[in-house]
Amino acid sequence: MQQLNFPVWLRVEHWVNVLFLTLLLRSGVEILATHPKLYWRNDSHPGTEWARFTRKTMPASRLYDTLDEEESYSSLVSLPGHKQLGMGRHWHFISVIGWILTGITYYALLFATGQWHRYIPYDWSLFSTAWQDVLTYLSFELPPLLPGQPLDAVQKLAYAVVIFLLAPFLIFTGAAQSPAIEARFPWYVRLWGGRQAARSLHSLGLLAFLAFIAVHLIMIGWWGWPELNALMIFGHVQDLNWAIGASLAILAGIALLHVAATVVSLRRPRTVQRALGAVVTAARRVLLRPLESRQHYPRRAVSVEHRVNGKPPCSLRYKAMAVHGFVDWRLHVGGLVERPMAFSLQDLRELGRPSTQRVLHNCVQGWSSVGEWGGVPLRTVLDLVGPLPGARFLCFMTMQDTGRDEPSAEGAGRFYEVIDLSLAQHPQCLLAYDMNGGPLPIKYGAPLRLRLETQVGFKMAKWIESIEVVSDYSAIGEGMGGWREDNVFYDKDVEV
Ligand SMILES: Nc1nc2c(c(=O)[nH]1)N[C@H]1C(S)=C(S)[C@@H](COP(=O)(O)O)O[C@H]1N2
Ligand SMILES: [Mo]
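Residues numbered from 1 in each chain as written. Chains lettered and ligands numbered in written order. Predicted model: local features only at pLDDT ≥ 70, side-chain atom pairs only at ≥ 80, totals over all residues. Heavy atoms only, no water.

If you walk across this open sheet you meet the five strands as S4-S3-S12-S7-S8, and the pairing is mixed. Single-partner strands in this sheet number two, and they are strand S4 (341-343) and strand S8 (414-420). Here the average twist between neighbouring strands, direction ignored, is 20 degrees. Pairing between strand S7 (residues 393-401) and S8: six bridges, direction antiparallel. Note on S8: the bridge partner recorded for Phe-393 is Asp-420. (Pairing = 2+ DSSP bridges. Helix = DSSP H or I, 4+ residues; strand = E, 2+ residues; numbered from the N terminus. Axes fitted to C-alpha atoms, helices over the stretch in contact; angles between N-to-C directions.)

Encoded structure:
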């Protein structure tokens, strides 16, 4: 065992990895809780889930939306727990940045220092030896170590799989869930069997990591916890008491960080949103913002039943307009523009033949559906009104009053969302009035909704009544860039 000889960088990386991995696991469970169902097919059709982590059943006769399906888990298993998807996402993304940086330095040092010899299997015979070792373990005995090496064959294989396969697998299946990556490289998502398959595989990866951790801990107990611990902290076995003390201190430190992350997320979510959001947004802007949507799903891919998020306005005015096919409805476009204008539905239709796109819709909750949308490119409307210098954002105001229409939602007030003006120039950025070949139905946002294919679903305001062109959004609502940002602490820019 003395030959383990862990260099100092490896020992530091090991414990940093424990921190990030556990943060990723807990925040990952929070993300799963918001739509606790796993599917293989892209359309997340209700009832086709192969795994569910909820006992809720949905009404068959009444309109329900995906917010009704959300679960609230305990903080013991999820970070921060209690239906805080916004917080869970911030922790997941900040941790993944940390984890990837740790992983890159780990790989670099592993190869630079020759330590990789420890983990890379050279010889096919390793597999049969590993099988022998498994049988030995099953008879409750310890197998022999590989000659001249500190590990037995099955351990060596297990580490190789985790380090070189499982960790990258989680990163690749995670990336396959980013709407911006999906929108620009739809073939990449197909490679994984589609978005829901990627999400399912990502969740199975989480289970695989949990299984690895469990076996790892059992093995350490079996082979001698105090000694191995000493080697992983000090690099040598001299004073076992010190090693035990130091290990408890490290684990307590990690546990304390988890408690602190949980408590601030539950008590001061705005602070966490601002602090972590700033870092994650900066990374997203560099990596994902330049991607433009290029999706053209075949007609047969269109979901039979597109899922719904958000409840339609139930005001008398909206209902009266709906009865009349929205003839009296107007889209007001104003603010920092040369020519403020009002468009009727007919005016919008007369701006040209509808642009159509068949695209994958990605909800922040994790479900997806494929729909065909028809409408007018947002940039056509912007060209007509002429944004003035200084115009930087578009604020979409809707007719939905969440307090009235979605009483179970956290927060109240008119649903609105802000996007960057630059996104409005994207080719598949659409003001949609048609869906799947007919007029946009009420539950999907009639008479007009936004389609913004490189971002997550909640940015695509439904039941729009006006667009305000602004230079700054800090005075609108709570100033975070949208209703969801204000009330449930999501990031404003959500390419992932
Ligand atoms: N006005 C309004 N727009 C909204 C929402 C909402 O609650 N209110 N939900 C958003 C979210 S989170 C998603 S995923 C999509 C859902 O679109 P769909 O119902 O057409 O699938 O609408 C977005 N637009
Ligand atoms: Mo969503």
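A word on the UniProt feature "domain: Oxidoreductase molybdopterin-binding" (unreviewed entry) in the protein chain. The UniProt record marks residues 328-472 with the feature "domain: Oxidoreductase molybdopterin-binding" (unreviewed entry), using the residue numbering of this structure. Counting secondary structure, residues 328-472 comes out at 14% helix and 41% strand; the distance between its end C-alpha atoms is 31 Å. (UniProt positions renumbered as here; feature names shortened; annotations may be inferred.)

By nearness alone, 20 residues border ligand 1, and Arg-307, Gln-400, Arg-449, Lys-462 and Arg-484 come closest of all. One of the side-chain N or O atoms of Gln-400 is found 2.6 Å from a nitrogen atom in ligand 1. In this structure, Met-460 approaches ligand 1 through a main-chain N or O atom, which is 2.9 Å from a nitrogen atom. Protein chains bury 100% of the 530 Å² of accessible surface belonging to ligand 1 in isolation. In terms of residue class, the shell around ligand 1 is built from nine nonpolar, seven polar and four charged. (Near = heavy atom within 4 Å. Polar contact = N/O pair within 3.5 Å; in protein donor to acceptor, adjacent residues only side chain to side chain. Areas by Shrake-Rupley, 256 points an atom, 1.4 Å probe, with all protein chains shown as cover. Nonpolar A, V, L, I, M, F, W, Y, C, P; charged D, E, K, R; others polar.)

Attention shifts here to the packing of aromatic side chains. Summed over the entire model, instances satisfying the criterion amount to 19 aromatic pairs. Summarising the aromatic geometry, the rings of Tyr-106 and Tyr-107 are spaced 6.5 Å apart at their centres and angled 50 degrees between planes, so their arrangement reads as tilted. A relative accessible area of 15% places Tyr-106 in the buried class. When the ring of Phe-111 is compared with that of Phe-164, the centres are 6.2 Å apart and the planes differ by 55 degrees; the resulting orientation is tilted. Here Phe-111 is found in helix H2 (residues 85-112), whereas its partner Phe-164 is found in helix H4 (residues 153-175), with 53 residues between them in sequence. One aromatic cluster is present, formed by Trp-9, Tyr-106, Tyr-107, Phe-111, Trp-116 and Phe-164 through successive ring pairs. Across from the ring centre of Trp-373, 4.7 Å away, lies the NZ or CZ of Arg-449, which sits over that ring. (Phe/Tyr/Trp six-rings, centres within 6.5 Å; stacked < 30°, edge-to-face > 60°. Buried < 20%, exposed > 50% of the residue type's maximum accessible area, 1.4 Å probe, protein only. Lys NZ or Arg CZ within 6 Å of the ring centre and 35° of its normal.)

This brings us to the packing of helix H1 (residues 8-33) against H2. Relative orientation of the contacting elements H1 and H2 amounts to 155 degrees, with a least axis distance of 8 Å. Considering the angle they form, H1 stands roughly antiparallel to H2. For the crossing formed where H1 meets H2, the hand is left-handed. Here the contact of H1 with H2 is composed, by residue class, of 15 nonpolar, nine polar and three charged. (Parallel < 35°, antiparallel > 145°, perpendicular 65-115°, else oblique. Left-handed = near helix turned anticlockwise from the far one by under 90°.)

A few words now on the pattern of salt bridges. Pairs can form between side chains of opposite charge once their charged atoms are near each other. On inspection of all chains with the given rule, the structure shows 27 salt bridges. Here Arg-41 and Asp-43 are joined by a salt bridge, their closest N and O atoms 3.1 Å apart. Via salt bridges that share partners, Arg-285, Arg-289, Asp-420, Lys-492, Asp-493 and Glu-495 belong to a single interconnected network. (Salt bridge = Lys/Arg side-chain N within 4 Å of Asp/Glu carboxyl O.)

With that settled, the discussion passes to the UniProt feature "transmembrane region" (unreviewed entry) in the protein chain. Look at the UniProt record and you will see "transmembrane region" (unreviewed entry) annotated at residues 91-112, 157-180, 201-223 and 243-266. Secondary structure across residues 157-180 divides into 88% helix and 0% strand, with the first and last C-alpha atoms of the span separated by 35 Å. Structurally, residues 243-266 is divided into 100% helix and 0% strand, and its ends, taken at the C-alpha atoms, are 35 Å apart.

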